[in-house]
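Structural overview
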Amino acid sequence: MHSVNHQDVPPKPSSPPTAGLPRVPAAEYSVPPAEPPARTEGQGGATAAPDPDEARKQGHRRTLWKAFFAVVLLAVIGSLVWLGLWLNSNGGPETSDGAARGVLETTATPPATPLPLPRDAEPASYALGDCFTDFHPEALKSTVVPCDTNHSAQLVAVFRYPAEADYPGADALKAKALEACQASKLGPAADQFTLNYERSFPSSTSWDSGDRRVDCYVTSPAGNNVNASVLP
């Protein structure tokens, strides 16, 4: 059995050996001091200097928006002015037909035809609100009766062309008569009867003789069964 001589093992050095290692000056391996980070807006209360180009761009954008809103405002004001002028030119009892202007009547001023009634009358003397028995719009004469007696028709609207107007033609006269009927104002009594609209307008011959009126009637297809005025 071999015994171990512990004295043959060299002792461990107390510190790493330095002999034989190259020496480097401290300045060559020292770490340079770190530079402080750049400050940005919001750090430490410091703010970056404004960019002049960006400021000019923002000012230009604000100017464009102001100009846009000004144009829109002017367009709205112009539209309102135009609408007001248009409504004013189309209001009132007078209506236009080309260069000619006329007057539309839809409200009767009693009495319509002077008493006594009944009496025969020609179309040129028919008054708004007159009531007729056995009525035909093309008849040369009709019998005017009190509206609280039995009758078959009543004159509810009249359009009068000016005396200097040129003959507009049959189609234009028909259209004007339809407008007159649509503008007529009927009262509650009209709901008690079955009624139709009928129109009467000048021929070219009667126009040359001075006829300038377009008439609208309500008529009963059942005959003389209406016994009240259908106007308000």
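Before reading further, recall that the structure is shown in the block above.
Before going into details, it helps to say that this report is about the structure given with it. Here the structure is a predicted model, which means the values were calculated and not measured. (Residues numbered from 1 in each chain as written. Predicted model: local features only at pLDDT ≥ 70, side-chain atom pairs only at ≥ 80, totals over all residues. Heavy atoms only, no water.)

**Notes on the nonpolar core**
Rules: Throughout, nonpolar core names a set of buried Ala, Val, Leu, Ile, Met, Phe, Trp, Tyr and Cys residues whose side chains join them through atoms within 4.5 Å. Residue exposure (1.4 Å probe, protein chains only): buried if accessible area is under 20% of the type maximum, exposed if over 50%, otherwise partly exposed. The way it works is that DSSP assigns letters per residue, a run of H or I at least four long becomes a helix, a run of E at least two long becomes a strand, and they are numbered from the N terminus. Throughout, a contact is declared for two residues whenever any of their heavy atoms are within 4.5 Å.
In this structure, Ala 121, Tyr 126, Leu 128, Phe 132, Phe 135, Val 144, Ala 153, Leu 155, Val 158 and Tyr 217 together form the largest nonpolar core, which totals ten residues. Sorting elements by how many residues they give to this core places strand β6 (residues 153-160) first, with three residues. Among residues more than four places away in sequence, those in contact with Val 158 are Val 103, Leu 104, Glu 105, Leu 128, Arg 213, Val 214 and Asp 215.

**A short note on the pairing of strand β5 (residues 142-145)**
To be explicit about the condition: Any two strands between which DSSP finds at least two bridges are classified as paired.
Pairing of strand β3 (residues 119-121) with β5 involves three bridges; the strand directions are antiparallel. What sits directly across from Asp 120, in β5, is Thr 143. Taken together, the three bridges between strand β4 (residues 131-133) and β5 define a ladder with antiparallel strand orientation. Across the sheet, the residue bridging to Cys 131 is Val 145, located in β5.

**Considerations on the packing of aromatic side chains**
What counts here: Two aromatic rings, drawn from Phe, Tyr or Trp (for Trp, its six-membered ring), form a pair once their centres lie within 6.5 Å of each other, and the interplanar angle then sorts them: stacked below 30 degrees, edge-to-face above 60, tilted otherwise.
For the structure on display, the rule yields eight aromatic pairs. Seen in terms of ring centroids, Phe 135 and Tyr 217 are 4.5 Å apart; in terms of plane orientation they differ by 45 degrees. Their pairing is tilted. Of this pair, Phe 135 sits in the loop between β4 and β5 while Tyr 217 sits in strand β8 (residues 213-219), placing them 82 residues apart in sequence. Both residues of the pair, Phe 135 and Tyr 217, belong to the buried class. Taking 5.7 Å as the distance between ring centres and 70 degrees as the angle between the ring planes, the aromatic pair formed by Tyr 167 and Trp 207 counts as edge-to-face. In this pair, Tyr 167 sits in the loop between β6 and α3 (170-183) while Trp 207 sits in helix α4 (residues 204-208), placing the two residues 40 residues apart along the sequence. Ring-pair connections join several aromatic residues into one group, and the members of that group are Tyr 126, Phe 132, Phe 135 and Tyr 217.

**Focus on α3**
Here is the rule: Here a helix's expected span is defined as the number of its residues, less one, multiplied by 1.5 Å. By construction, the arc corresponds to the directions joining the helix axis to the C-beta atoms.
With 14 residues, α3 extends 20 Å from end C-alpha to end C-alpha; this agrees with the ideal 20 Å at 1.5 Å per step. Every buried residue belonging to α3 is among Leu 173, Lys 176, Ala 177, Ala 180 and Cys 181, and all of these are buried. Buried residues of α3, viewed axially, fall in a sector of 145 degrees; they line one side. Residues of α3 that are exposed and point more than 90 degrees away from the buried face comprise Asp 171 and Gln 182.

**A few points about the environment of Phe 159**
Residue position: Phe 159 is located in strand β6. Considering only alpha carbons, one finds Phe 159 and Asp 215, 56 residues apart in sequence, at a separation of 6.6 Å.

**A word on unusual backbone geometry**
Looking along the chain, the bond that leaves Leu 117 and enters Pro 118 is cis, with omega of 0 degrees. Tracing the backbone shows Pro 118 in the loop between β2 (100-105) and β3. Notably, Asp 134 is not glycine yet its phi reads approximately 45 degrees, a positive angle. Note on Asp 134: relative accessible area 64%, which makes it exposed.

**Remarks on the state of the cysteines**
The cut-off we apply is this: Note that a disulfide, as used here, is simply two cysteine sulfur atoms within 2.5 Å.
Applying the stated rule across the entire model yields two disulfides. Note on cysteine connectivity: Cys 181 is disulfide-linked to Cys 216, with sulfurs 2.0 Å apart. Measuring the twist about the S-S bond at about 120 degrees, one finds the Cys 181-Cys 216 disulfide to be right-handed. You can see Cys 181 sitting in helix α3 and its partner Cys 216 sitting in strand β8, a full 35 residues away along the chain. On the accessibility criterion, Cys 181 (3% relative accessible area) is buried. Going through the chain in sequence order and numbering each bonded cysteine, the pairs you get are 1-2, 3-4.

**Re the side chain of Ser 200**
Mapped onto the secondary structure, Ser 200 falls in strand β7 (residues 196-200). The exposure class of Ser 200 is buried, given its relative accessible area of 19%. If near-sequence neighbours (up to four positions away) are discounted, Ser 200 is found in contact with Pro 137, Arg 213, Val 214, Asp 215 and Tyr 217.

**Some thoughts on the layout of surface pockets**
Note the following rule: The pocket and cavity definitions rest on a 1 Å grid over protein atoms only: a 1.4 Å probe that fits but cannot leave marks a cavity, an open set with protein on both sides within 12 Å along at least five of seven lines marks a pocket, and residues lining either have an atom within 4 Å of a point. Grid points are joined across faces, edges and corners, and a volume is the space filled by probe spheres set on the points. Polarity classes work like this: nonpolar for Ala, Val, Leu, Ile, Met, Phe, Trp, Tyr, Cys and Pro, charged for Asp, Glu, Lys and Arg, and polar for all others, with Gly in that last group.
Approximately 430 Å³ is the volume attributed to the largest pocket. Every residue lining the largest pocket is counted, 17 residues in all, and those nearest its centre are Pro 123, Pro 137, Ser 200, Phe 201 and Asp 211. Among the elements of the structure, β7 and β8 are those that each provide at least two residues to the lining of the largest pocket. Residues of the lining of the largest pocket, tallied by class, amount to seven nonpolar, four polar and six charged.

Such coordinate-based values are descriptive only and should not be taken to indicate function.
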